[in-house]
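# Remarks on the overall topology
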Amino acid sequence: MAAWREGTREDPKPCREQDRGKFEVIHRDGRARLGRLHTDHGILETPALLPVINPNIRTIEPREMWDRYGIGALITNSYIIWKHEELKNKAQKDGVHELIDYPGVIMTDSGTFQAYVYGDVEVGVEEIVEFQRSIGVDIATMLDVFSRPDMTELEVESCVDETLARAQISVDTSQDTMLNGPIQGGLFKELREKSASEMGKFDFSVHPIGGIVPVMEQHRYKEYAKIMLSSLPKLPPNRPVHMFGCGHPMLFPMSIALGADLFDSAAYALFARDGRLLTPWGTEKIANLVDWPVTTPSIAHLTPEEVREMDGKERTKLLSKYNLEVTLSELARCKQAVRDGTIWRMVERRSHQHPALREAFLWLITNPSLGNISKMFKEEMILDEKLASQEIGSQKGAWESSWDWIVESQTTPRKGGESWGGKDTLARPHIIAARHMMFTRWHSLAPRGSGSSDVLILHGRSGPWRERCDNLVTRIIHHAPGLEVMILTPIGLMPYSLEDVNPFTHIVGPEWMWRSRPDLSMIREDLEKFSMSERRIITLDLQGDSLVDRAFAKLVEMGVVEQGSVEKPIESKDFEASELQLRRRKAADKFALFFNIQSELSHEMTKQTEFVINRQGRIKNVLSSSEKHLASFRLGDGGLSLNNDGAIELHSHRRREIPNNFSETDIFGYCGEGLAFVVVDDDAEPFIRQGRNVFHGFVTACDPWLRPNEACLIVNGKGELLGHGVSQCTSDELATFQKGVAIKTRDGIKIE
Ligand code: GUN
């Protein structure tokens with residue numbers, strides 16, 4: 001019996017007939033996704049690594065890949081099989097799964113790469129697709145034309161055009177076999193965009209990003225990121241994206257965060273052959289090692305020296321296993337990070353492990369659309385800025401929409417602490433999304449009155465602030481109702497009324513981060529974004545005792561309130577009235593932020609609200625004047641959960657027409673328009689009313705500002721409210737996906 005306990009893993013079950021070729025997403029973290037691709041040889045979980053198998057040289061047996069390593073898919077080359085008479089005959093007789101003795105998903109490549117290496121291949125466009133179909137591969141590849149990074153724009157354009165010209169005939173020839181439609185375009189942004197949008201129109205199942213092997217070999221990771229950001233936003237989101245020839249674990253976190261689903265690796269075996277070890281931070285030579293950079297089961301009982309002394313074949317096999325184990329464990333880490341919502345943090349950390357990765361990362365986060373954050377990285381980027389002006393895609397604003405594509409897919413608020421990682425923290429896309437949401441949806445609506453030309457900025461301490469400051473703010477509402485109170489956090493300003501909203505409240509880091517002197521220029525920039533730039537800034541340090549006395553002494557000194565009025569004790573009924581006002585303000589501002597309604601309306605809606613308060617004194621439920629439960633404050637992330645009565649109320653305020661199609665995603669463009677509508681077809685109506693989830697394929701239209709993890713209203717074609725839930729996707733995704741949960745329904749509206 002083989003050491004890996006052959007046969008211990010059952011062969012895969014074919015997917016349901018009607019699901020073949022469909023891709024569904026079960027978890028996401030921005031553009032990173034955990035998915036399932038349905039095939040006749042099992043449901044492939046993504047992100048996945050497809051080891052490259054050379055049918056002539058099998059370093060690790062494919063069966064062992066399945067049994068021992070749990071590998072669900074591999075890739076081999078149909079051109080090599082086609083060229084070798086014996087392999088060809090066996091493949092045609094028994095099928096490719098039998099040929100290489102592997103029960104899982106088999107993808108084949110077409111010979112394009114051989115054409116790139118050797119200049120040409122003698123197989124025809126239809127012939128190679130027909131051959132792949134005839135040997136029973138799960139995912140075939142058309143014969144695309146490889147675009148090299150050193151080609152001129154004209155040369156690359158002809159690769160893109162020729163690939164496009166071959167697309168339809170390849171799709172027709174593949175019949176029921178899933179087909180890869182590779183994206184070419186060299187280093188040219190517009191050509192990558194063209195390739196992606198045009199190839200996306202054909203009925204391909206997967207889109208590999210092609211022509212990137214030399215880019216990776218030359219460590220041009222910034223270009224690699226640019227290629228991804230030019231291509232992926234233009235592809236149909238319901239198709240998995242494969243990074244052709246990318247198998248170095250160092251590139252996994254960034255690639256996954258930018259939307260990659262599949263990788264293939266010959267590196268594990270090629271590198272092993274010349275004694276090189278793959279690690280998440282680069283490549284190391286076994287020749288120099290006394291200890292292993294990472295220990296894995298296959299080498300745990302051996303030292304590098306012992307392995308060096310092995311005979312060539314045995315050593316290569318062992319190091320291939322080692323490389324595969326290291327690669328798979330980095331992939332597993334990435335998958336867990338997607339589940340945990342920390343993939344970008346992982347990219348950030350990994351960026352420090354290789355200068356070229358750091359360069360790529362800095363390029364990503366110094367996108368001009370980041371404004372002041374971008375400026376913070378200027379020193380690190382000085383050299384690059386000069387070079388950047390000569391680069392392709394360097395025109396002003398060229399990458400804004402690509403960066404928006406990342407930011408608009410972020411979920412915010414989230415649970416859990418936001419671990420501080422220096423100034424990179426500010427550029428995390430979900431933090432940018434959270435700040436953007438606050439800047440655009442929250443408006444200062446403090447009543448007119450004393451203080452309305454000022455803003456009081458609390459600083460110097462981490463949260464929670466309510467226990468320490470609610471008393472003070474209640475008094476401010478009484479004495480200076482026009483004074484807006486804000487909190488300075490390490491990731492920027494936030495209104496006091498939103499004090500428990502993640503991530504602002506949950507920055508985990510050293511205390512000095514909170515204690516450092518307020519940076520007035522940053523404060524001004526943020527105030528400008530809140531449309532409060534004309535206000536006079538008054539700062540108040542939360543460190544130290546007698547907060548209320550210190551605060552009012554300062555407000556008197558600044559002429560915001562009068563000494564006489566402050567000296568008089570507040571009557572308890574007045575204090576209670578101010579306390580209720582503060583709670584209503586908190587509710588109103590959360591309604592505006594999380595339900596996307598205009599501040600005036602949210603204030604109107606919450607004018608009469610009452611509250612259920614929990615034992616810690618925090619708001620739990622928001623009730624209407626007739627005691628209807630509108631929404632609940634979420635203690636974990638500071639968010640707001642909608643209830644049926646709240647959904648009915650919000651639905652009644654809809655003024656805009658009911659959507660009747662899927663217009664292009666535009667999350668930032670519809671501020672104050674309320675919760676997005678999702679229109680389901682008539683068949684789904686009874687299920688939604690019972691509170692069942694909305695599945696892809698049952699939605700006929702939605703608003704363009706639908707956003708992952710945000711509440712939405714589920715309606716029928718007449719616009720009648722059926723239920724409400726939490727979206728799992730954007731409108732572009734909703735328009736294309738055919739499988740999986742689209743909206744997690746919180747509750748249905750029953751017919752009385
Ligand atoms: N393998 C590595 N790069 C490529 C590519 O661009 N096209 C194809 N078909 N295979 C590849």
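Scroll up for the structure.
Residues numbered from 1 in each chain as written. Predicted model: local features only at pLDDT ≥ 70, side-chain atom pairs only at ≥ 80, totals over all residues. Heavy atoms only, no water.

## Some thoughts on the overall build of the chain
Counting its regular elements, the chain contains 30 helices and 29 strands. Scaling as 2.2 N^0.38, a compact globule of 752 residues should have a C-alpha radius of gyration of about 27 Å, and the chain matches this with 29 Å. Projected onto its principal axes, the C-alpha coordinates of the chain cover approximately 100 × 65 × 55 Å. Going through the 752 residues of the chain one by one, you find that 58% of them count as buried. Counting only contacts in the chain whose residues sit at least 6 apart along the sequence, the fraction spanning at least 24 positions is 70%. Counting 91 positive and 109 negative side-chain charges, the chain places the centres of these two groups 4 Å from one another. (Helix = DSSP H or I, 4+ residues; strand = E, 2+ residues; numbered from the N terminus. Rg over C-alpha atoms; globule rule 2.2 N^0.38 Å. Buried < 20%, exposed > 50% of the residue type's maximum accessible area, 1.4 Å probe, protein only. Contact = heavy atoms within 4.5 Å. Lys, Arg positive; Asp, Glu negative; His and termini not counted. Charge placed at Lys NZ, Arg CZ, Asp CG, Glu CD.)

## So, the site of the ligand
As a matter of local geometry, the ligand sits amid Asp109, Ser110, Thr112, Phe113, Thr141, Asp144, Phe146, Gln184, Gly210, Gly211, Val213 and Phe244. Aspartate 109 has a polar side-chain atom sitting 2.6 Å from a nitrogen atom of the ligand. In the model, an oxygen atom of the ligand is placed 3.0 Å from a nitrogen or oxygen of the glutamine 184 side chain. With the chains in place, 96% of the 280 Å² that the ligand exposes on its own is no longer accessible. Taking a 2 Å distance to the grid points as the criterion, the majority of the atoms of the ligand fall inside the second largest pocket. (Near = heavy atom within 4 Å. Polar contact = N/O pair within 3.5 Å; in protein donor to acceptor, adjacent residues only side chain to side chain. Areas by Shrake-Rupley, 256 points an atom, 1.4 Å probe, with all protein chains shown as cover. 1 Å grid on protein atoms, 1.4 Å probe; cavity = no way out; pocket = protein on both sides within 12 Å on 5 of 7 lines; lining within 4 Å. Sits in = over half its atoms within 2 Å of the grid points.)

## Focus on the sheet that holds strand E27 (residues 711–715)
The strand order across the open sheet built from six strands is E25-E29-E28-E27-E24-E26, with neighbouring strands paired in mixed fashion. Looking at the sheet topology across the chains shown, the edges are occupied by strand E25 (694–695) and strand E26 (699–702). Direction of pairing for E25 relative to strand E29 (residues 741–748): antiparallel, over a ladder of two bridges. What sits directly across from valine 694, in E29, is isoleucine 743. (Pairing = 2+ DSSP bridges.)

## Side note on empty space enclosed by the protein
This structure, assessed with the given rule, holds four cavities of 30 Å³ or more. Considered as a void within the structure, the largest cavity measures approximately 70 Å³ in volume. Together, His436, Met437, Thr440, Arg441, Asn596, Ile667, Phe668, Tyr670, Cys671, Trp705 and Arg707 line the largest cavity. In terms of residue class, the lining of the largest cavity is made up of six nonpolar, three polar and two charged. (Points joined across faces, edges and corners; volume = space filled by probe spheres on them. Nonpolar A, V, L, I, M, F, W, Y, C, P; charged D, E, K, R; others polar.)

## Let's talk about helix H16 (residues 355–365)
Here H16 lies mainly inside the structure; nine of its eleven residues are buried. Where H16 is concerned, the buried positions are Ala356, Leu357, Arg358, Ala360, Phe361, Leu362, Trp363, Leu364 and Ile365.

## Brief notes about unusual backbone geometry
Glycine aside, the phi torsion of most residues is negative, and most peptide linkages are trans. Note the cis peptide between threonine 412 and proline 413, where omega equals 0°. Backbone torsion omega between asparagine 502 and proline 503 reads 5°, so that peptide bond is classified as cis. Non-glycine residue glutamine 175 carries a positive phi angle of around 50°. Along the chain, the position of glutamine 175 falls in the loop between helix H7 (153–174) and strand E8 (178–180). Glutamine 175 gets classed as exposed once you look at its relative accessible area, which sits at 51%. Even without glycine at this site, glutamate 627 takes up a positive phi of about 65°.

## Considering helix H10 (residues 221–231)
Burial of H10 is extensive: eleven of the eleven residues sit out of reach of the surface. When H10 is considered as a whole, its buried residues turn out to be Tyr221, Lys222, Glu223, Tyr224, Ala225, Lys226, Ile227, Met228, Leu229, Ser230 and Ser231.

## So, the pairing of strand E12 (residues 276–279)
In this sheet, strand E13 (residues 282–285) lies alongside E12 in antiparallel orientation, the contact comprising four bridges. Residue pairing for E13: leucine 278 is matched across the bridge by threonine 283. Here E12 hands over to E13 after two residues, the two strands then running antiparallel side by side.

## A closer look at a nonpolar patch on the surface
Together, Phe113, Val117 and Tyr118 make up a nonpolar patch on the protein surface, roughly 330 Å² of accessible area in all. Counting through the fold element by element, tyrosine 118 comes out in helix H5 (residues 112–118). Under the relative-accessibility criterion, tyrosine 118 is labelled exposed at 68%. (Patch = residues over 30% accessible without salt bridge, like charges linked within 9 Å, V, L, I, M, F, W, Y side chains within 5 Å. Salt bridge = Lys/Arg side-chain N within 4 Å of Asp/Glu carboxyl O.)

## Section: the nonpolar core
In this structure, Tyr224, Met243, Met254 and Leu364 are the most contacted members of the largest nonpolar core, which totals 100 residues. Ranked by residue count, the leading element in this core is H16, at eight residues. (Core = buried A, V, L, I, M, F, W, Y, C linked by side-chain atoms within 4.5 Å.)

## Let's talk about the sheet that holds strand E3 (residues 42–46)
Within a beta sheet, neighbouring strands are joined by backbone hydrogen bonds and run either parallel or antiparallel to one another. Across the sheet, three strands lie side by side as E1-E2-E3; this open sheet has antiparallel pairing. Single-partner strands in this sheet number two, and they are strand E1 (23–29) and E3. With direction set aside, neighbouring strand axes in the sheet form an average angle of 15°. With six bridges joining them, E1 and strand E2 (residues 32–39) adopt antiparallel strand pairing. Following the sheet pairing, arginine 28 is matched in E2 by arginine 33. (Axes fitted to C-alpha atoms, helices over the stretch in contact; angles between N-to-C directions.)

## Focus on the packing of aromatic side chains
Considering all chains together, one arrives at 17 aromatic pairs under this definition. With a centroid separation of 5.3 Å and an interplanar angle of 85°, the aromatic rings of tryptophan 442 and phenylalanine 530 are classed as edge-to-face. With tryptophan 442 in the loop between helix H20 (429–441) and strand E15 (454–459) and phenylalanine 530 in the loop between helix H23 (520–529) and strand E19 (536–541), this pair connects stretches of sequence that are 88 residues apart. The interplanar angle of 55° and the centroid separation of 5.8 Å between the aromatic rings of tryptophan 465 and tryptophan 514 together place this pair among those described as tilted. (Phe/Tyr/Trp six-rings, centres within 6.5 Å; stacked < 30°, edge-to-face > 60°.)

## Observations concerning the packing of helix H15 (residues 343–350) against H16
Orientation of H15 relative to H16, taken along the N-to-C sense of each, is 130°, at an axis distance of 9 Å. By the criterion of interaxial angle, the relationship of H15 to H16 is oblique. Taken together, the residues of H16 that come into contact with H15 (itself represented by Trp344, Val347, Glu348 and Arg350) are Leu357, Arg358, Phe361, Leu364 and Ile365. Residue classes in the contact of H15 with H16 are distributed as six nonpolar, no polar and three charged. (Parallel < 35°, antiparallel > 145°, perpendicular 65-115°, else oblique.)

## What to know about the environment of glycine 646
Note on placement: glycine 646 falls in helix H28 (residues 644–652). In this structure glycine 646 comes out as buried when scored by relative accessible area, which is 2%. C-alpha separation for the pair glycine 646 and alanine 631, spaced 15 residues apart in sequence, amounts to 6.1 Å.

Coordinates in, geometry out; function isn't part of it.
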